[in-house]
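# Per-entry structural report
So you can see what is in the structure, the chains are spelled out below.
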Amino acid sequence: MLEIKKQVISKIIKQLWINYKNKVGQVNVIEEAIRKQGDDWSEDHIAFRTLPGIHCDLNILKEVFELLGYSKKDDYEFKEKKLKAISLIPPIEADAHSTKIFPKVFISVLELDTFSEKFKACVTKYTSDIVASPLNKFKQEIESLKSNPEKIEDVANSISLFLSYGASWRTPTFEDYELLRKESEYAAWTLVYGNTPNHFTVSVHLMKNFKSLKEFNHFIQEKLKISLNKSGGDFIKGTPSVKLEQSATLAEECIVPFQDGFKKIPYAFVEFAFRFPLEGKSNNGLWDSYYQGFVTDNADKIFESTNIRN
Ligand code: OOG
Ligand code: NI
């Protein structure tokens, strides 16, 4: 069964990737430039955002990935942004000691408790539109692959659609979007885009042509003329001592429908991760020789890649 699940994951990731690449022009530019240098595009992780609600929050996405063979790894808390998050790792077993492995998944959710009453009512108005989740359907579809493996394409498509187009509450008004944005950029973004991936992350530590994230950032900024997120004052979030350095582009805008017209809203960005080897391990490209967790202080700043820029 694990083998079939892995094939499903592979198809889903491919679908999500195509959807993301079609909507975010900078992805093509960056991918092509990296490949032209002779390096591979090796995905580190994908990130999703959710709003609280029994049929649409972090737990639904978590269970979808668990159905596919992913396992929950760590919990993260972002007090100021009023968010929490988890990471999931792909089915590794025999692959852990390998260079090719599926991306990790990072899922976050808004914590409603301490927001204003107006804000809470606004979030709930939308999330209460979702009265059922597709989890049971996905469970049955995956089970059915045991006896009908030829259905794999259909099953992968059905899950990809859910993960690509996000939660299906009513189209928001621009006024509600602005109301949420006053208290949380994250909430406003998620109201518009639902649980579609907001970034894919490429592993810079596995590239032959770039010895450091600094060198890679320079390439992105000077050669490709793409702007990077400077939240926290630096382009690089993290240090070798926390075993993870990250940088991210500023999200590209998409035209999205509101009840009262169309607007351009920042959508998705590209993230770059440079993972350091664990104690006693060398940087030989094998998955289990690098730190594979996330770092709260880094993540806190990465979230801001989709903020509205004035
Ligand atoms: C997730 C931000 C955190 C990381 O790698 O630490 C993150 C988000 O923007 O939704 O991606
Ligand atoms: Ni990330």
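None of these values were measured; they are calculated from a predicted model. (Residues numbered from 1 in each chain as written. Chains lettered and ligands numbered in written order. Predicted model: local features only at pLDDT ≥ 70, side-chain atom pairs only at ≥ 80, totals over all residues.)

What follows covers the site of ligand 1. Residues in close proximity to ligand 1 include Ala47, Arg49, Phe106, Ser108, Asn198, Gln246, Glu271, Phe294, Asn298, Ala299, Ile302 and Phe303, which together make up its full environment. Among the secondary structure elements, those contributing two or more residues to the shell around ligand 1 are strand 1 (43-50), strand 4 (104-110) and helix 10 (296-302). Per-element tally for the shell around ligand 1: the top contributor is helix 10, with three residues. Here the residues of the shell around ligand 1 sort into six nonpolar, four polar and two charged. (Near = placed C-beta within 6 Å. Helix = DSSP H or I, 4+ residues; strand = E, 2+ residues; numbered from the N terminus. Nonpolar A, V, L, I, M, F, W, Y, C, P; charged D, E, K, R; others polar.)

A few words on the nonpolar core. By size, the foremost hydrophobic cluster in this structure holds 79 residues, and its most contacted members are Ile12, Ile107, Ala187 and Val204. Of all the elements, strand 8 (residues 261-275) adds the most residues to this core, at eight residues. Beyond its immediate chain neighbours, meaning those up to four positions away, Ile107 contacts Phe48, Thr50, Leu58, Leu61, Lys62, Ala85 and Ile86. (Core = buried A, V, L, I, M, F, W, Y, C linked by C-beta atoms within 7 Å. Buried ≥ 20, exposed ≤ 12 C-beta atoms within 10 Å, placed from the backbone. Contact = placed C-beta atoms within 7 Å.)

Positive phi, normally seen in glycine, also occurs at Lys82, with a value near 60 degrees. Inspection of the secondary structure puts Lys82 in the loop between strand 2 (71-78) and strand 3 (83-89). Positioned with a positive phi, Lys243 is a non-glycine residue whose angle comes to about 75 degrees. Residue placement: Lys243 occurs in the loop between helix 9 (213-223) and strand 6 (244-248).

Here we come to the environment of Glu279. Relative to the assigned elements, Glu279 resides in the loop between strand 8 and helix 10. Taking the C-alpha atoms as reference points, Glu279 and Tyr290, 11 residues apart in sequence, are found 8.9 Å from one another.

This brings us to the packing of helix 1 (residues 2-23) against helix 6 (residues 152-165). For the pair helix 1 and helix 6, interaxial distance at closest approach is 9 Å and the crossing angle is 45 degrees. Between helix 1 and helix 6, the angle falls in the class oblique. Between helix 1 and helix 6 lies a crossing whose hand is right-handed. On helix 6, the residues that touch Ile4, Gln7, Val8, Lys11, Ile12, Gln15, Leu16 and Asn19 of helix 1 are Ile152, Val155, Ala156, Ile159, Ser160, Leu163 and Ser164. Partitioning the contact of helix 1 with helix 6 into residue classes produces nine nonpolar, five polar and one charged. (Axes fitted to C-alpha atoms, helices over the stretch in contact; angles between N-to-C directions. Parallel < 35°, antiparallel > 145°, perpendicular 65-115°, else oblique. Left-handed = near helix turned anticlockwise from the far one by under 90°.)

Another aspect to go through is helix 2 (residues 25-36). Helix length check: helix 2, at 12 residues, gives a terminal C-alpha distance of 17 Å against a target of 16 Å (1.5 Å per residue), a fit within 8%. For helix 2, every residue scored as buried is listed here: Val27, Ile30 and Ile34. Take helix 2 and look down its axis: the buried residues cluster within an arc of 75 degrees, on one side only. Facing away from the buried side of helix 2 by over 90 degrees, the exposed positions are Gly25, Asn28, Glu32, Arg35 and Lys36. Residues of helix 2 that are buried in the fold lie against helix 1, helix 9 and strand 8. After helix 2 finishes, the residue Gly38 shows a positive phi value of roughly 95 degrees. (Expected span 1.5 Å × (residues − 1). Arc of directions from axis to C-beta.)

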